[in-house]
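# Structural features, examined
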Amino acid sequence: MAEELSETPKDVDEAVADAGEQPIKQRKNGLYPALSDELAENMTQGWADTELHDLEPIEQAAETAGRRAALSARFPGERLVVPAGNLKTRSNDTEYAFRSSVEYAYLTGDQTEDGVLVLEPTEAGHEATIYLLPRSNRENGEFWLDGQGELWVGRRHSLTEAEQLLGLPAKDVRELAGALAEATGPVRVVRGYDAGIEAALADKVTAERDEELKVFLSEARLVKDAFEVRELQKAVDSTVRGFEDVVRVLDKAEATSERYIEGTFFLRARVEGNDIGYGSICAAGPHATTLHWVRNNGQVRSGDLLLLDAGVETHTLYTADVTRTLPINGTYSPLQRKIYDAVYEAQEAGIAAVRPGAKYRDFHEAAQRVLATRLVEWGILEGPVDRVLELGLQRRFTLHGTGHMLGMDVHDCAVARTETYVQGTLEPGMCLTVEPGLYFQADDLTVPEEYRGIGVRIEDDILVTEDGNRNLSAALPRTSDEVERWMAELKG
């Protein structure tokens, strides 16, 4: 990784200060101790005009405009501030890959660090403006001397280009904090993403009012529009191909570790999408009983199961969330099949309960009843089943809820009100996971020894439709027989 230049000439720093910008950050131990005026002058000259013209709006521009209109209608007469967030330091002077706040990306379609959407109240509603960093300044040397200059991190859109793409007026974000500090009238801000913007509004906002803004934006995402459904299907389709990739290289994973599986799926996610939607769970053997096993450093052994829970995130930040539990050698043992088939039966009951007008909890309760019934039949829990469910005794082995909303976050709409989410009613356009599981811990002395260390989860992404539901991930086989045939075909 290249080192930045360590020093800037005095006249460059003065020009930056005169422009009201932050001084260019210098590196303490760079290899160039000084910068000549001649080189500084040379770097301002001889550059082609790269402005892009006649850009088409992004695909979701109409949808983001509609979302902003709904937000405006909910909070008339109030200034609304929605930041994208800032880069976060990973170590010393390296940063984590940036991912925009969901609220900002949902309302703008933009994913630029430091961006801020502001809705200014008007008599007719609101006027929306997006605040962004403009192109790097070539006159003061920022573009090649600053660590976030374009010669270091790449070209960004000009404000004019951004306006064409996003369908919004665009202004320089470096002017925003000062303007907000002087602003009057009621203001709400989405907190947790931009400390500078929050500091500028510190005496103008309250935690309670800001929480109402965040809750509204979370609940707005409960029902997906047509663009979002297409993106979710795109994410799922790439995820299916990622699972196929993994099955084809299980022999290499056996020779190395779970990390080979993680890396294989990650390659598909980066080639076809933006990233993985969450840390991939590549849990072989007893690791499958750890719900969020993301260390992925264990052995992959023939005869064990692999629980693979992974999802591709699209370039517009919509993620899939799919799980299959696969026999590493291609064939389930009799006990593995018995447990797998019970989880499949539970998932079938859960999916059948997903339909418009149903209570959100119905699919969870349907799946849990099947699992509790099997645990009683196997002698692992003492019945009757209704007693087990009333006391929640099955949770020792089922552990988690049977699903969650899915979208731009893997656990989407997380701050929605309980009465509109868990206690709510399913509507067409909602997308949720159905993912029952059974997990017998390796050290659980209450179960027969042969069960210990076996974990099974099956998860699919289910869209509520007008007349029932659609399994977006139906292209991946689910029954034990289908899984075995599928794996045999992929292995040749």
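The numbering scheme is per chain: residues are counted from 1 as the chain's sequence reads. With pLDDT at 70 or above as the cut-off, local features in this predicted model cover only qualifying residues; side-chain atom pairs require 80 or more to be listed or tallied, and sums for whole chains, interfaces and linings still use all residues. Side-chain metrics in this entry use all non-hydrogen atoms of the structure; hydrogen atoms and water are not considered.

As named in an unreviewed UniProt entry, the chain is Xaa-Pro aminopeptidase, taken from Streptomyces odorifer. As recorded by UniProt, the Cofactor (unreviewed entry) comment attached to the chain reads in full: "Mn(2+)". If you open the UniProt record of the chain and go to Catalytic activity (unreviewed entry), you find "Release of any N-terminal amino acid, including proline, that is linked to proline, even from a dipeptide or tripeptide." UniProt positions are given in the numbering used here, feature names are shortened, and annotations may be inferred rather than shown by experiment.

### Let's talk about the overall build of the chain
Within the chain, the secondary structure is distributed over 18 helices and 17 strands. In terms of overall dimensions, the chain has a C-alpha envelope of 80 × 55 × 40 Å along the principal axes. A total of 492 residues make up the chain; the buried ones form 51% of that total. The contact criterion used is simple: two residues touch if any of their non-hydrogen atoms lie within 4.5 Å. In the chain, of all internal contacts separated by at least 6 residues, the share reaching a separation of at least 24 is 69%. Here, Shrake-Rupley sampling with a 1.4 Å probe gives the accessible areas, and only protein chains in the shown set may cover a residue. In the form shown here, the chain has an accessible surface area of approximately 22700 Å², with 49% of it arising from carbon and sulfur atoms. Charged side chains in the chain number 52 positive and 87 negative. The centres of these two groups are separated by 5 Å. Counting from the N terminus, the helices are the DSSP runs of H or I reaching at least four residues and the strands are the DSSP runs of E reaching at least two. The classification of residues rests on relative accessible area computed with a 1.4 Å probe and restricted to protein chains. Under 20% of the type maximum is buried, over 50% is exposed, and intermediate values are partly exposed. Charged residues are defined narrowly, with Lys and Arg counted positive, Asp and Glu counted negative, and His plus the chain ends left uncounted. Every charge is mapped to an atom, namely NZ of Lys, CZ of Arg, CG of Asp or CD of Glu.

### Topic: the packing of helix H14 (residues 334–352) against helix H18 (residues 480–491)
A packed helix pair is summarised by two numbers, namely the angle formed by the two axes and the spacing between the axes. Angles run from 0 to 180 degrees between N-to-C directions of axes, and those axes are lines fitted to C-alpha atoms, restricted for helices to the stretch in contact. At their nearest, the axes of H14 and H18 sit 10 Å apart, and the two run at 115° to each other. Contacts between H14 and H18 pair Arg337, Tyr340 and Asp341 from the former with Ser480, Asp481, Val483 and Glu484 from the latter. Residues are grouped as follows: Ala, Val, Leu, Ile, Met, Phe, Trp, Tyr, Cys and Pro are nonpolar; Asp, Glu, Lys and Arg are charged; every other residue, Gly included, is polar. For the contact of H14 with H18, the per-class residue count stands at two nonpolar, one polar and four charged.

### With respect to the sheet that holds strand E4 (residues 116–122)
Whether two strands pair comes down to DSSP finding at least two bridges between them. The mixed open sheet is built from five strands, whose spatial order is E6-E5-E4-E1-E7. The open sheet has two edge strands with one neighbour each: strand E6 (170–172) and strand E7 (187–189). Ignoring which end each strand starts from, the neighbouring axes of this sheet average 25° apart. In terms of strand pairing, strand E1 (residues 79–83) meets E7 through three bridges, oriented parallel. Within E7, the residue paired with Leu80 across the bridge is Arg188. Seen against the sheet, helix H7 (residues 159–166) touches strand E5 (125–132) and E6 and runs at an angle of roughly 150° to E6. Across the face of the sheet, helix H10 (residues 207–220) comes into contact with E1 and E7 while running at roughly 60° to E7.

### A word on the domain arrangement of the chain
Residue ranges for the domains trace back to a domain assignment, done automatically or taken from a database. The domains assigned to the chain are domain 1 (52–219) and domain 2 (224–489). Its C-alpha centre places domain 1 at a distance of 35 Å from the equivalent point of domain 2. In this assembly, 15 residues from domain 1 lie in contact with 17 residues from domain 2. Buried area: the accessible surface (1.4 Å probe) lost by two parts on joining, summed over both. Summed over the three residues of domain 1 that lose the most area to domain 2, namely Arg99, Ser218 and Glu219, the buried surface amounts to 35% of that side. Between Lys or Arg on one side and Asp or Glu on the other, a salt bridge is scored when a side-chain nitrogen of the former is within 4 Å of a carboxyl oxygen of the latter. Linking domain 1 to domain 2 there are four salt bridges. The shortest N-O distance in the salt bridge between Arg230 and Glu59 comes to 3.4 Å.

### Remarks on the pattern of salt bridges
Side-chain pairing between opposite charges can occur once the charged atoms of the two side chains come close. Inspection of every chain in the model, using the stated rule, returns 33 salt bridges. The salt bridge partner of Glu345 is Arg374, with a shortest N-O separation of 2.7 Å. Note that Glu345 is positioned in helix H14 and Arg374 in helix H15 (residues 362–377), a separation of 29 residues in sequence. Judged by its relative accessible area of 32%, Glu345 falls in the partly exposed class. For Arg374, a relative accessible area of 18% gives the class buried. Residues joined by salt bridges that share partners form a network here, namely Arg241, Asp245, Arg248, Arg268 and Glu272.

### A few points about the sheet that holds strand E12 (residues 322–327)
The three strands lie next to each other as E9-E10-E12, forming an open sheet whose pairing is antiparallel. Edge positions in the sheet fall to strand E9 (281–284) and E12, since each of these pairs with one other strand and no more. Adjacent strand axes in the sheet meet at a mean angle of 10° when their direction is disregarded.

### Focus on the packing of aromatic side chains
Note on ring pairs: Phe, Tyr and Trp rings are taken, using the six-membered ring of Trp, and paired if centres are within 6.5 Å. Classes follow the plane angle, with under 30 degrees stacked, over 60 edge-to-face and the rest tilted. Summed over all chains, the structure comprises 10 aromatic pairs. For the ring pair Phe243 and Phe265, a centre distance of 6.0 Å and an interplane angle of 90° mean the geometry is edge-to-face. With Phe243 in helix H11 (residues 226–248) and Phe265 in helix H13 (residues 258–272), this pair connects stretches of sequence that are 22 residues apart. Note on Tyr360 and Tyr421: the rings are 5.3 Å apart at their centroids and 85° apart in plane angle, and the pair reads as edge-to-face. Taken as a pair, Tyr360 in the loop between H14 and H15 and Tyr421 in the loop between helix H17 (395–398) and strand E13 (431–434) lie far apart in primary sequence, 61 residues in all.

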